[in-house]
2 protein chains.
Amino acid sequence: MRLTITGADGFVGRAVVRRLRDIGTAAELLLVDRAFADPGPERRLAGDLTDPALLAAATRDCDALLHLAALPGGAAERDPAASRAINLDVPLRLIEALSDRRLVLAGSIAVFGAAPSGPVDDRTVPVPDSVYGTHKRMAELAFADAVRRSAIAGAVLRLPGIVARPPAATGFGSAFLSDVFHAAGAGQPYALPVAPDATSWLCSVRACAVNLASALLGDGAEQAAVTLPALRVRMGDLAAVLARRFPGAAITHAEDPALRRTFASYPPLTTPRAAALGFTAEPDVDALVDAVLAELSPNPRQGCPQCA
Amino acid sequence: MRLTITGADGFVGRAVVRRLRDIGTAAELLLVDRAFADPGPERRLAGDLTDPALLAAATRDCDALLHLAALPGGAAERDPAASRAINLDVPLRLIEALSDRRLVLAGSIAVFGAAPSGPVDDRTVPVPDSVYGTHKRMAELAFADAVRRSAIAGAVLRLPGIVARPPAATGFGSAFLSDVFHAAGAGQPYALPVAPDATSWLCSVRACAVNLASALLGDGAEQAAVTLPALRVRMGDLAAVLARRFPGAAITHAEDPALRRTFASYPPLTTPRAAALGFTAEPDVDALVDAVLAELSPNPRQGCPQCA
């Protein structure tokens, strides 16, 4: 089995590659990204997926493809044309190029818009309110139609907020949701820009990678969009757990209405369809913090080497 | 004011041009279509909008554009790639090309899918289930996002079934909804492929053209998608009214489950947003038949010249 992963050198991509190594898959991997920071045992293809020749090379010999490459939300909002090229046209071309093969697209909870007005479940029809969410929703619709026509197999998996992204990650207005882990790990004070009762849908990168690898390797029934499970985290609860783990950390709260509205006004979420497909997320804040710390450092009691 | 109309030589396009002539607009018209059957006083541009040079010529000097050109549903289902090029990529390019100017896109009730499961109103979030409906919904989402960013002005108007299309119209599985008028007008028997209790959302081409011309000329607030008003017609009621008008017509009913599901299983529809914007449709079947006959023939009592 030959698997291609796009965005493979990104934060989530690296975690998926680690997961595939950990489970010892016999699959042959082709990793695609604009550039790679380090060498590695897998075959690598560096270039831009908006280049048709590169997209053809990325898809030619694979049995299944996981598409993670994207222009993040903040950058998409600043450059809608670039978002269209990367977040819409590339997935549409992948759907066409991979006809009859397996394609897993990384979707996003951004399709629901900031601050959905009521609880979200598998029957909620998304209404996006950002460039990024709009292009993600458009790609979902095209994917669902291709599934209906039996022109593609696979799924679109809507990712919640994935923590903790590296401190240097750019283009994500949601950076505070990750930065608070790094600051706590480094024993530094951190002012969360949202109040204790603000709520976000979060999942560790480890759980996310397990879900994505499973979808890529799986041969389950074709699915249109599936909202992945996520933990709805109150920021006050997250601050309390981090303060207990890192007694030096002093986490305070401010209130930035725009960040609150976009990233921390998420209502209750239920995802029975994802559960039935075997996808999981952390069940509580302690488990989430454990999973994040385990990924950041071999010994969480020692703090986070990335943060030092 | 310079107005461009694409698909201007089509069934709906011709009706819009007639309407603009009737109201004596001072606007300068540029008509765009793949080809034109007849000459006329307006400037004409023949070619394919998927050609970037033609699209540039169509948009360069206009203040407002009405985009009617489309690949119909049946043809879209047979050739999804062509539908993507015509029904998705062209509207996306128009949104970009017309930034800050007025754009009215012809949308479609196909975005709601065949046989919506419950009554439809302005809060119903569409879930398409066809290639055509999917691309129309994707274009709606892109338009709504451009309106949100103040990158475009105008609206997407979702058209119901427009009657009576010419008998030769191809690519429309909904042809029976028009053909019954022509058969009745010619005093010929006609077997409707759906039962008397089947229901469709219909509007005369005249009312449709009035609505579209008004949207094109209007300078109302920017709108995302607006479902145009339509009359929910029971096929038995339509057959009865036509039989009364054309005593020679013998209209019977068969039942084709696929046609019933796709074109004649429409639930109750309420469109207060369209009403508030001044858009109208015929209030009852008699008015609908009147409007259709008036368009087909100068003297409805004499039958329809197109049908003879």
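None of these values were measured; they are calculated from a predicted model.

Rules of the game
Position labels on residues start from 1 in each chain and follow its written sequence. Here the convention is simple: chains get letters from A, ligands get numbers from 1, in the order in which they are written. In keeping with the model being predicted, local features are shown solely for residues with a pLDDT of at least 70 and side-chain atom pairs are shown and tallied solely at 80 or more, while totals for entire chains, interfaces and linings include all residues. Think of the side-chain values as coming from all heavy atoms in the structure, minus any hydrogens and water. Secondary structure is summarised from DSSP: a helix means a run of H or I of at least four residues, a strand means a run of E of at least two, and numbering begins at the N terminus for each. Values of the radius of gyration come from C-alpha atoms, whereas the globule rule sets the reference at 2.2 Å times the count of residues to the power 0.38. A 1.4 Å probe rolled over the protein chains alone gives each residue an accessible area, and that area as a share of the maximum for its type sets the label: buried under 20%, exposed over 50%, partly exposed in between. Should any heavy atoms of two residues lie within 4.5 Å, those residues are counted as being in contact. The accessible surface values rely on the Shrake-Rupley method and a 1.4 Å probe; as for residues, cover is taken only from the protein chains in view. Buried area, as used here, totals the accessible surface that two parts lose on assembly, with accessibility defined by a 1.4 Å probe and the loss added over both. For this analysis, a salt bridge means a side-chain nitrogen from Lys or Arg found within 4 Å of a carboxyl oxygen belonging to Asp or Glu. Definition of a polar contact: a pair of N or O atoms within 3.5 Å, with one able to donate and the other able to accept a hydrogen when the atoms are protein atoms, and with sequence-neighbouring residues admitted only if both atoms are side-chain atoms. Basically, the charged four are Asp, Glu, Lys and Arg, the nonpolar ten are Ala, Val, Leu, Ile, Met, Phe, Trp, Tyr, Cys and Pro, and anything else, Gly included, counts as polar. Here a strand pair is declared whenever DSSP counts at least two bridges between the two strands. To obtain an axis, a line is fitted to C-alpha atoms, over the contacting stretch when the element is a helix, and the angle between two such axes runs from 0 to 180 degrees between their N-to-C directions. Paired rings are identified among Phe, Tyr and Trp, the last through its six-membered ring, by centres lying within 6.5 Å, and are further divided according to the angle between planes into stacked (under 30 degrees), edge-to-face (over 60) and tilted (the rest).

Novice: How do you make sense of the overall build of chain A when you look at a structure like this?
Specialist: If you tally the helices and strands in chain A, you get eleven helices and twelve strands. Taken over the C-alpha trace, chain A has a radius of gyration of 19 Å; the compact-globule value for 308 residues is 19 Å, and the two agree within 12%. Once the C-alpha set of chain A is aligned to its principal axes, its extents read approximately 50 × 45 × 40 Å. By the burial criterion, 55% of the 308 residues in chain A qualify as buried. Pairs at least 24 residues apart make up 77% of the contacts formed inside chain A by residues separated by at least 6 positions. Carbon and sulfur atoms provide 53% of the accessible area of chain A, an area that totals close to 12,200 Å².

Novice: Is there a simple way to explain unusual backbone geometry in this structure?
Specialist: Residue and element names in this part refer to chain A. The omega torsion across Val163 and Ala164 is -5°, close enough to zero to call that bond cis. With respect to the element layout, Ala164 can be found in the loop between β7 (161-163) and α6 (176-185). Of note in the backbone geometry, Ser150 takes a positive phi value of approximately 55° without being a glycine. Mapping Ser150 onto the fold places it in the loop between α5 (131-148) and β6 (153-159). Ser150 sits in the exposed class, given a relative accessible area of 57%.

Novice: How should I be thinking about the interface of chain A and chain B in this particular structure?
Specialist: Many authors give the size of an interface as the accessible area that is lost as the parts come together. Each partner contributes to the interface: chain A provides 23 residues, whereas chain B provides 23 residues. Summing the contributions of chain A and of chain B, the shared interface buries around 1,800 Å²; its carbon and sulfur component is 63%. The interface formed by chain A and chain B holds six salt bridges in total. Across the chain A-chain B interface, the total number found is six residue pairs in polar contact (both at pLDDT 80 or more). Those elements that place two or more of their residues in the side of chain A that touches chain B are α4 (80-97) and α5 of chain A. Here the element with the most residues in the side of chain A that touches chain B is α5 of chain A; it accounts for eight residues. Tallied by class, the residues present in the side of chain A that touches chain B amount to eleven nonpolar, two polar and ten charged.

Novice: Whenever I open this one, the pairing of strand β9 (residues 199-204) of chain A confuses me. Can you help?
Specialist: One face of the sheet, then the other: side chains in a regular strand alternate in exactly this way. Residues and elements named next belong to chain A. Of all six residues making up β9, six are buried, and the element is well covered by its neighbours. Of the two faces of β9, the one holding Thr199, Trp201 and Cys203 and the one holding Ser200, Leu202 and Ser204 are both buried throughout. Relative to β9, β7 is paired through three bridges, and the arrangement is parallel. Within the sheet, the bridge partner assigned to Val163 lies in β9 and is Ser204. Direction of pairing for β9 relative to strand β11 (residues 231-234): antiparallel, over a ladder of four bridges. Residue pairing across strands places Leu202 opposite Leu231, the latter belonging to β11.

Novice: When you look at the sheet that holds strand β3 (residues 43-46) of chain B in this model, what are you seeing that I'm missing?
Specialist: All names here are of chain B. Strand order in the open sheet made by the seven strands is β3-β2-β1-β4-β5-β6-β10, with parallel pairing throughout. Of all strands in the sheet, those bounded by a partner on one side alone are β3 and β10 (225-227). Going from strand to strand, the sheet's axes swing by 20° on average, the running direction of each strand aside. Where strand β6 (residues 153-159) and β10 come together, three bridges link them in parallel fashion. For Arg158, the partnering residue across the bridge sits in β10 and is Thr227. The strands that helix α7 (residues 205-217) touches are β1 (2-6), β4 (64-67), β5 (102-108) and β6; relative to β6, the one it contacts most, it runs at about 165°.

Novice: Explanation requested: the sheet that holds strand β7 (residues 161-163) of chain B in the structure shown.
Specialist: Each strand in a sheet pairs with its neighbour through backbone hydrogen bonds, running either in the same direction (parallel) or in the opposite one (antiparallel). Residue and element names in this part refer to chain B. The strand order across the open sheet formed by three strands is β7-β9-β11, and the pairing between neighbours is mixed. Looking at the sheet topology across the chains shown, the edges are occupied by β7 and β11 (231-234). Sheet twist, expressed as the mean angle between neighbouring strand axes with direction ignored, is 55°. Sheet contacts for helix α8 (residues 235-245): β9 (199-204) and β11; angle to β11, the most-contacted strand, approximately 80°. Contacts from helix α11 (residues 285-296) reach β7, β9 and β11, with the element oriented near 45° to β9.

Novice: I keep staring at the environment of Ala240 of chain A and nothing clicks. Help me out?
Specialist: Mapping Ala240 of chain A onto the fold places it in helix α8 (residues 235-245). Owing to a relative accessible area of 41%, Ala240 of chain A belongs among the partly exposed residues under this scheme.

Novice: I keep staring at the packing of aromatic side chains and nothing clicks. Help me out?
Specialist: The geometry of an aromatic ring pair is captured by two quantities: the separation of the ring centres and the angle between the planes. Evaluation of the coordinates by the stated rule reveals four aromatic pairs over all chains. Arranged with centres 4.6 Å apart and planes meeting at 50°, the rings of Trp201 of chain A and Tyr266 of chain A form a pair that is tilted. Of the two residues, Trp201 of chain A is situated in strand β9 and Tyr266 of chain A in the loop between α9 (257-263) and α10 (272-276); the sequence distance between them amounts to 65 residues. According to the relative accessible area criterion, Trp201 of chain A is buried, its value standing at 1%. Owing to a relative accessible area of 6%, Tyr266 of chain A belongs among the buried residues under this scheme. When the centroid spacing of 6.3 Å and the interplanar angle of 80° are considered together, the rings of Phe112 of chain B and Trp201 of chain B count as edge-to-face. Of the two residues, Phe112 of chain B sits in the loop between β5 and α5 (131-148) while Trp201 of chain B sits in strand β9, which places them 89 residues apart along the sequence. The residues Phe112 of chain B and Trp201 of chain B share a single accessibility class, namely buried.

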